[in-house]
Amino acid sequence: AVVMGVAVLTLRGETHRQNVSASIILHSGLPPAWVCGNSAEYVQKAVAMASSTRGFLFPDRSKVREMFMNGPVTDSAGHVRKIEKEVFDLILQSS
C-alpha cells in the first residue's frame, strides 16, 4: 500500500507479526504518527484519516511513495555496505 502512496496506519502489538508494519514505517522515513501504541489511538487516527479530504499528514499521495522509495528500507546499496563492513570487521577480529 505504501509503495502505491497509500498511508498505512498500524497498531503495535506483542508479537513479531503485529510489529512488522510498524517497523517498516519507522525505518522508511514515513511519519511515526502512523504507528499507534493502543487501540484508542488507532481508532482516533483512523477516523481522522478516513474523514480527511487532504489525506492523513500528507496532502499528496506521491509524497508517501517518494518518502518510502527514497528511505532506508529500500536502500539496497546501503544495506550491502553495512553487511560488507560487518564481514570485514569480523575478518579483522579473527586474524
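The structure this text deals with has already been given above.
Everything in this summary refers to the structure shown in the same document.

Conventions and cut-offs
Residues numbered from 1 in each chain as written. Predicted model: local features only at pLDDT ≥ 70, side-chain atom pairs only at ≥ 80, totals over all residues. Heavy atoms only, no water. Salt bridge = Lys/Arg side-chain N within 4 Å of Asp/Glu carboxyl O. Helix = DSSP H or I, 4+ residues; strand = E, 2+ residues; numbered from the N terminus. Buried < 20%, exposed > 50% of the residue type's maximum accessible area, 1.4 Å probe, protein only.

### As for the pattern of salt bridges
And step 1. Applying the stated rule across the entire model yields two salt bridges.
And step 2. Residue Lys45 is joined to Glu41 by a salt bridge in which the shortest nitrogen-to-oxygen separation is 2.9 Å. Taken together, the residues span about one helical turn, with Lys45 and Glu41 both in helix α2 (residues 39-51) at a distance of four residues.
And step 3. A relative accessible area of 17% means that Lys45 is categorised as buried.
And step 4. Residue class for Glu41 comes out partly exposed when judged on its relative accessible area of 22%.
And step 5. Salt-bridge contacts for Asp89 lead to Lys85; the nearest nitrogen and oxygen are separated by 2.7 Å. Placement of the pair is Asp89 and Lys85 together in helix α4 (residues 76-94), with a separation of four residues, close to one helical turn.

Function-wise, these values are silent; they only describe arrangement.
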